[in-house]
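# Structural description and commentary
Chain residues, written in single-letter form:
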Amino acid sequence: MTVDSADSTAAAQEAQPPRKRAAAKKSAKKSTGTTAAKGRPELVQLMTPEGKRVKNAAYDKYVTDITDDALRDLYRDMVMARRFDAEAVTLQRQGELGLWPSLLGQEAAQVGSGRATREDDYVFPTYREHGVAWCRGVDPTKLLGMFRGVNNGGWDPNSNNFQLYTIVIGSQALHATGYAMGVAKDGADSAVVAYFGDGASSQGDVAEAFTFSAVYNAPVVFFCQNNQWAISEPTEKQTRVPLYQRAQGYGFPGVRVDGNDVLAVLAVTRWALERARNGEGPTLVEAFTYRMGAHTTSDDPTKYRADEERASWEAKDPILRLRTYLEAQTDTDEGFFAELDAEAEALGKRVRDAVRAMPDPDHMAIFENVYADGHALVDEERAQFAAYQASFAEEGA
Amino acid sequence: MAVQKLPIAKAINESLRTALESDPKVLVMGEDVGKLGGVFRVTDGLQKDFGEDRVIDTPLAESGIVGTAIGLALRGYRPVVEIQFDGFVFPAYDQIVTQLAKMHARALGKVKVPVVVRIPYGGGIGAVEHHSESPEALFAHVAGLKVVTPSNSSDAYWMLQQAIQSDDPVIFFEPKRRYWDKGEVDTEAVPGDLHKAVVAREGTDVTLVAYGPMVKVCLEAAAAAQEEGKSIEVLDLRSISPVDFDAVQRSAEKTRRVVVVHEAPVFLGSGAEIAARITERCFYHLEAPVLRVGGYHAPYPPARLEEEYLPGLDRVLDAVDRSLAY
Ligand SMILES: Cc1ncc(C[n+]2csc(CCOP(=O)(O)OP(=O)(O)O)c2C)c(N)n1
């Protein structure tokens, strides 16, 4: 049993029956007083990099329903997310996309947390959450429009409770908090997840989100993927304490989970979501992981980081880890992996075809949806623009 | 020989290098400015040569970057901060507008805050949202700030030197789609006034007033118009706050027709101020109303539409024709 705050909170929670939100509101003050780990940061892990299952008294109970079949589903999600991502990188290299932020290495953090959410939960992503989008049922081809440059978003956030990607760092942590405040006001037991990176944790918006969520006991889970880098800056350039420990200063628990261990991420996120649903307020989950590729396709990591570092993290590859487990500890046969490979290839092809078939937007789209109620100036400029465009057609005729 | 042919990005790099060398109080701060040399490599090699104390990789926090730069300036330093892209300056906008701009006045002139905020701005590079905006009017509207933008390598080098030497806060907009355009830089020249406009091309029929990334477009338009027998003058404003209205007036009175061109939305853009001033100053000289060419009252569009959104040769020439038709 670890000594960090999350464990003690989880243990404390175990002793009590889940509370109704109204009841919890009264006791909010009490429930948020937690202590952070002293000394070495603990890392919640349920499966070692060698694919060995390890016991964890606090978190095992959150994954008792995860059968071998369910593990295979998680494996599938990670393989599909990686395949999708690889296709997008290739499409960028071929000039079909302007830019792509790869999730390579972060599949477990995204799939573990994404699969922990319920349909009525709401997710506020940054710009790299392709694996979470997958888990939320967002058609992956929809994610590509903004990177191809045909739109600035590209999906209806309400159809899968998956908000649009947010490029301005950390902004969405506040939106998630506000949304969660609304959920609590409505008396609903949905939860909200805000994704952001270790770099984003330095933004004022994230600090303010922590403050608001704690003060209003908002049912929000802050899911920080610490992939060790913010473009060229290592985490040490953002913080001098382990990130998960920040939560303590705001009055809610923080926990660091092995972000390359999909089972541990699932368990920890489920625990945090349960706290939110039970009216116990926000939680900070720091998924300790690694960005194996470049920051985006525009970035050149050889300028700032050593090859050996990546190599050491490759040994902790989240997909490899689960595969080793499945092969050694379950009756998963070769057929499963072969079928999955074929399925992943089919996804790659579907994505490739969809991107190539994606039409450029109509010129008039510039003026679409600027206002919900319309605006005279936009109408005037739209008309001028249309007339100007038409003058070329006439010339051409 | 001090004349070199440099791309704008490299000219800015050289300018920062010169400033760091000549004044130990100059600091360079920002996200990824160190080892990476900035996402556009504008600060390439500076940390290697001047160390982490002078070329500072900051936490990912724009309010923090500008806010601490203000504090450093109050302590006698001259921070030159980099905002990675135009759309990311807004977390720092509060510090810039409510603090940086007003501190000198509030302290009865007793303190100076010589902070330079470098912002790569404008579109045309096929980027995702928040990477292509032209927010210069939002800064020019604020008293206490000076706002400038070079259009070529020599100005990039010299205007940044002058901005760093200025005791006032200067917002230094860098036309990012021109970073790779080469031009001559004479590092031993005597530079002109930071806030004076320059006639980039002489002409007699119409004046195009432009700055930053649009100067090149206007020069190309002038060259194209010449083939049709039209003589176009191009005025490179260089400074957006203050504006060199005398230069604008001189050119307006000479050609009697003016078109102001910028990438930023036309509505309440800097072109609006320039047009109004021209009307005030030289109403009786004008043969046509001052026209404006710029962006629309719409969010900067996705990359595949930016060619429609950005003023190009055709739109500038069309405005020239409209002006001449009066
Ligand atoms: C406010 C703001 N400043 C700067 C940027 C430019 N930028 C984009 S991603 C990034 C690094 C983000 O690092 P982190 O938060 O750790 O997330 P990661 O990309 O590693 O997942 C930066 C500096 C931005 N998008 N928004």
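Parameters at a glance
Residues numbered from 1 in each chain as written. Chains lettered and ligands numbered in written order. Predicted model: local features only at pLDDT ≥ 70, side-chain atom pairs only at ≥ 80, totals over all residues. Heavy atoms only, no water. Helix = DSSP H or I, 4+ residues; strand = E, 2+ residues; numbered from the N terminus. Buried < 20%, exposed > 50% of the residue type's maximum accessible area, 1.4 Å probe, protein only. Polar contact = N/O pair within 3.5 Å; in protein donor to acceptor, adjacent residues only side chain to side chain. Contact = heavy atoms within 4.5 Å. Domains from an automatic or database assignment. Axes fitted to C-alpha atoms, helices over the stretch in contact; angles between N-to-C directions. Parallel < 35°, antiparallel > 145°, perpendicular 65-115°, else oblique. Left-handed = near helix turned anticlockwise from the far one by under 90°. Nonpolar A, V, L, I, M, F, W, Y, C, P; charged D, E, K, R; others polar. Phe/Tyr/Trp six-rings, centres within 6.5 Å; stacked < 30°, edge-to-face > 60°. Lys NZ or Arg CZ within 6 Å of the ring centre and 35° of its normal. Buried area = accessible area lost by both parts, 1.4 Å probe. Salt bridge = Lys/Arg side-chain N within 4 Å of Asp/Glu carboxyl O. Near = heavy atom within 4 Å.

### Re the side chain of Arg17(B)
All names here are of chain B. Positionally, Arg-17 belongs in helix H1 (residues 8–22). Under the relative-accessibility criterion, Arg-17 is labelled buried at 17%. A polar contact of 2.9 Å, which involves the side chain of Arg-17, links it to the side chain of Asp-49. Leave out the neighbours within four places in its chain, and Arg-17 touches Asp-44, Gly-45, Leu-46, Asp-49 and Phe-50.

### Observations regarding the domain arrangement of chain A
Each assigned domain of chain A is listed with its residue range as follows: domain 1 (5–357) and domain 2 (366–396). A C-alpha centroid distance of 42 Å is found between domain 1 of chain A and domain 2 of chain A.

### So, the packing of helix H8 (residues 171–185) of chain A against helix H9 (residues 204–215) of chain A
Residue and element names in this part refer to chain A. In the contact formed by H8 and H9, the axes pass within 7 Å of each other and the chain directions differ by 15°. Taken together, the axis directions place H8 and H9 in an arrangement best described as roughly parallel. For the crossing formed where H8 meets H9, the hand is left-handed. For the pair H8 and H9, the contacting residues are Ser-171, Ala-173, Leu-174, Thr-177 and Met-181 in the first and Asp-205, Val-206, Glu-208, Ala-209, Phe-212 and Ser-213 in the second. The residue makeup of the contact of H8 with H9, split by class, is six nonpolar, three polar and two charged.

### What about the packing of aromatic side chains?
Residue and element names in this part refer to chain A. One pass over the full model with this rule turns up 43 aromatic pairs over all chains. Ring geometry for Tyr-75 and Phe-337: centres 5.4 Å apart, planes at 85°, overall edge-to-face. Note that Tyr-75 is positioned in helix H4 (residues 68–93) and Phe-337 in helix H14 (residues 334–357), a separation of 262 residues in sequence. Owing to a relative accessible area of 3%, Tyr-75 belongs among the buried residues under this scheme. Taken together, Phe-84, Trp-100, Phe-147, Trp-155, Phe-162 and Tyr-165 form an aromatic cluster joined through their ring pairs. When the ring centre of Trp-313 is taken as origin, the NZ or CZ atom of Lys-316, which lies over that ring, is 3.9 Å away. Above the ring of Phe-337, the side-chain terminus of Arg-323 is found at 3.9 Å from the ring centroid.

### Focus on the interface of chain A and chain B
In many reports, interface size means the accessible area that the parts give up when they come together. Counting residues at the interface gives 44 residues for chain A and 39 residues for chain B. When the buried surface of chain A facing chain B is broken down by residue, Asn152(A), Lys303(A) and Ile366(A) rank first, second and third, together holding 18% of it. Connecting chain A to chain B are three salt bridges. Among the salt bridges present, the one from Glu52(B) reaches Lys237(A), with a minimum N-O distance of 3.9 Å. On inspection of chain A and its partner chain B, the count reaches 17 residue pairs in polar contact (both at pLDDT 80 or more).

### Some words on the site of the ligand
Around the ligand, the surrounding shell holds 20 residues, and the nearest of these are Tyr127(A), Arg128(A), Ile167(A), Gly199(A) and Glu62(B). One of the backbone nitrogen or oxygen atoms of Ile169(A) is found 3.1 Å away from a nitrogen atom of the ligand. In this structure, an oxygen atom belonging to the ligand sits 2.8 Å away from a main-chain N or O atom of Trp229(A). Among the residues making up the shell around the ligand, the classes are represented as 10 nonpolar, six polar and four charged.

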